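Residue strings, one per chain:
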Amino acid sequence: MAQQGNFKSPSRLGALGEGASLSSSGPVSGGKPREQGLKEVDFERRSFLGKVVGGIGAAVAISTLYPVIKYIIPPVKQFSNKSEMVVGKAAEVPAKSGKIFQFNKDKVIVVNDNGKLTACSAVCTHLGCLVHWDNAQNILSCPCHGAKYNQTGEIISGPQPLPLPVFKARVEGENIIISKA
Amino acid sequence: MAENNQNAMAGSAPAKPKPAVPGAAKQAAPGAAKPAVPGAAKQAASGAAKPAVSNSGVYKPPVERADTDPYKDSRISSLGAWFQERFYVMLPVIDYLKKKEVPRHRLSFWYYFGGLTLFFFMIQIITGLLLMQYYKPTEAEAFASFVFIQREISFGWLIRQIHAWSANLMVLMAFIHMFSTFFMKSYRKPRELMWVSGFVLLVLSLGFGFTGYLLPWNELAFFATQVGTETPKVAPGGAFLVNILRGGEEVSGETLTRMFSLHVVLLPGLLLLVLSAHLLLVQVLGTSAPIGYKESGMIKGYEKFFPTFLAKDAIGWIIGFVLLVYLAAVFPWEIGVKANALNPAPMGIKPEWYFWAQFQLLKDLKFEGGELVAIALITVGAVVWLLVPFIDFKASREEKSPIFTMLGLVVLAFLLINTWRVLAEYGW
């Protein structure tokens with residue numbers, strides 16, 4: 001049968017002088033000290049091949065992983081961007097109460113203070129919990145860490161760094177319309 | 001001596017010296033590749049620089065072969081040393097694993113198909129997990145999320161097509177693997193349980209295919225499931241089982257929920273357990289060679305499983321991956337229309353190709369009670385097929401077993417011919 005491996009073994013190349021035994025072949029030939037046996041192995045070709053295979057492998061791996069990563073990243077949710085919109089019925093916000101509606105990308109709390117409607121963002125500027133209207137104290141309060149705002153969003157007390165952004169709310173017919181400030 | 005399980009070889013064919021191995025190699029390389037040499041018989045290899053005469057009288061001259069030992073010059077990295085210090089109990093296990101060898105002969109090409117089945121299954125796990133990030137398994141949202149994945153998500157179409165195609169390729173590789181091991185009689189002693197666990201794996205894979213097929217909730221999925229779950233009703237107790245499977249009398253949103261839970265939780269759990277057993281058996285029992293090959297010197301050599309055979313396996317996996325991506329991109333599966341229970345079944349409705357043989361048998365046995373006969377035939381056939389290692393006595397004695405080869409050819413012919421008949425009648 002044909003020679004299966006190690007075409008550069010000393011026995012095949014007919015190493016001079018010592019002449020390796022017929023039996024043993026391989027990078028370290030039988031009977032020879034390691035360094036001399038390794039002389040016949042072409043390391044430059046071997047490491048070049050290693051680098052080529054590694055490079056192609058990296059290219060294949062990246063081109064396989066790229067679609068997977070892109071797939072996992074969820075698509076960005078598109079929000080509308082209207083200057084004003086109908087969010088609900090006036091009856092949903094009776095006097096001395098507040099209710100949160102979705103307006104474009106914001107959550108807006110509409111407070112009915114004896115007929116007068118005010119609107120500001122419901123997202124507490126501390127860590128993002130939604131505030132509620134506390135009628136007893138006439139404040140917007142956040143249950144998470146005790147932030148307090150007045151009806152138009154200004155800070156009264158608490159850990160929050162910024163006031164609530166304001167919006168405009170009005171009643172037309174039986175609808176409540178929220179618009180940008 | 002590559003047969004890992006020494007007990008199995010005791011009492012079977014008499015140990016013969018491996019022909020054409022230069023005997024001096026055994027002495028010259030002390031840390032050589034085959035330390036698991038049973039004491040007595042193999043020393044006959046020593047002193048053989050002369051040609052060994054095999055039983056068939058063929059002259060095999062001594063050939064100088066590289067006594068390749070991939071672990072000869074290996075050194076432990078510092079990370080490896082860190083583990084070795086703590087898990088030294090595992091060192092004998094790792095040394096044992098390093099010994100496993102795979103015989104090389106003219107039929108060893110077939111050894112790759114088991115690994116290919118595993119490869120396509122791993123692809124299924126990955127793409128399945130990805131699809132689950134966006135798929136909603138309810139009657140109201142299943143089809144909408146299915147369309148959403150393919151239209152809105154980056155490369156969603158690619159993940160879905162790969163998942164659909166890899167399912168088919170996995171079942172195809174499993175069938176090829178099963179028949180190649182059958183004809184090579186790899187099921188014979190001591191590997192009976194490998195055959196049994198392998199058959200269970202095949203049945204689980206077909207279950208995966210059946211349960212997953214409904215999930216897109218398009219017309220094709222709905223009616224294929226309806227037809228597929230209608231047939232078992234004629235068997236005794238079948239109506240009850242169909243009721244459990246369907247979550248009711250009809251295929252509905254309840255069926256979808258049950259198929260989803262089977263496909264994603266129960267079947268993967270069972271398959272991983274049985275697969276671990278199957279792979280463990282492969283490592284413990286080694287790879288079998290066809291009957292008589294060792295004695296007649298048809299084995300060209302033995303290569304190490306780790307890393308040599310695994311590296312060659314990886315070549316097959318890369319080719320399989322290329323084929324998979326080609327099929328996914330060039331022959332995409334349809335999106336279809338949303339399932340509507342009140343629509344009539346579409347013309348030419350048929351199950352997936354791996355069920356076509358049974359489908360054709362059911363159509364052939366159209367007489368009164370024919371369905372029950374078909375179910376009985378398939379069930380009895382499957383049980384006989386499962387028990388082959390326990391009834392093929394000749395193979396277990398390492399003798400040629402032509403009757404079972406004929407049986408395998410008959411079964412293969414039945415499957416191929418009936419599958420082809422469905423293709424001829426219905427088209428693809």
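Above this text you will find the structure in question.
Because the structure is predicted, anything quoted here is derived from the model rather than measured.

All names here are of chain A. Among the six residues in strand β4 (residues 116-121), five count as buried, and that is most of the element. With six bridges joining them, strand β3 (residues 106-113) and β4 adopt antiparallel strand pairing. Looking at β4, one finds that N112 is bridged to L117. Here β3 folds back onto β4 in antiparallel fashion, the turn holding two residues, of which N114 has a positive phi close to 55°. Across two bridges, β4 lies against strand β9 (residues 166-172) in antiparallel orientation. For A119, the partnering residue across the bridge sits in β9 and is F167.

With that settled, the discussion passes to the pattern of salt bridges. Applying the stated criterion to the full structure yields 13 salt bridges over all chains. Measuring nitrogen to oxygen at the nearest pair gives 2.9 Å for the salt bridge that ties B:R246 to B:E230. Taken together, the residues span a long stretch of sequence, with B:R246 in helix α11 (residues 238-246) and B:E230 in helix α10 (residues 219-230) at a distance of 16 residues. The class of B:R246 is buried, set by a relative accessible area of 3%. One continuous salt-bridge network, built from bridges that share partners, spans A:E84, A:R170 and A:E172.

Looking now at the sheet that holds β9(A). Residue and element names in this part refer to chain A. Ordered by their spatial adjacency, six strands build an open sheet running β1-β10-β9-β4-β3-β2, and the pairing between neighbours is antiparallel. One side of each edge strand has no neighbouring strand; the edge strands of this open sheet are β1 (84-89) and β2 (97-103). The mean angle between the axes of side-by-side strands here comes to 30°, regardless of whether they run parallel or antiparallel. Here five bridges tie β1 to strand β10 (residues 175-180), and the two strands are oriented antiparallel to one another. Its bridge partner lying in β10, G88 is registered against I176.

As a further point, take the packing of aromatic side chains. Residues and elements named next belong to chain B. For the structure on display, the rule yields 33 aromatic pairs over all chains. Members of the aromatic cluster, joined through ring pairs, are F179, F182, F183, Y187, W195 and W385. Note that R86 overlies the ring of W82, its terminal NZ or CZ placed 3.8 Å from the centroid.

How each quantity is defined
- Residues numbered from 1 in each chain as written.
- Chains lettered and ligands numbered in written order.
- Predicted model: local features only at pLDDT ≥ 70, side-chain atom pairs only at ≥ 80, totals over all residues.
- Heavy atoms only, no water.
- Buried < 20%, exposed > 50% of the residue type's maximum accessible area, 1.4 Å probe, protein only.
- Helix = DSSP H or I, 4+ residues; strand = E, 2+ residues; numbered from the N terminus.
- Pairing = 2+ DSSP bridges.
- Salt bridge = Lys/Arg side-chain N within 4 Å of Asp/Glu carboxyl O.
- Axes fitted to C-alpha atoms, helices over the stretch in contact; angles between N-to-C directions.
- Phe/Tyr/Trp six-rings, centres within 6.5 Å; stacked < 30°, edge-to-face > 60°.
- Lys NZ or Arg CZ within 6 Å of the ring centre and 35° of its normal.

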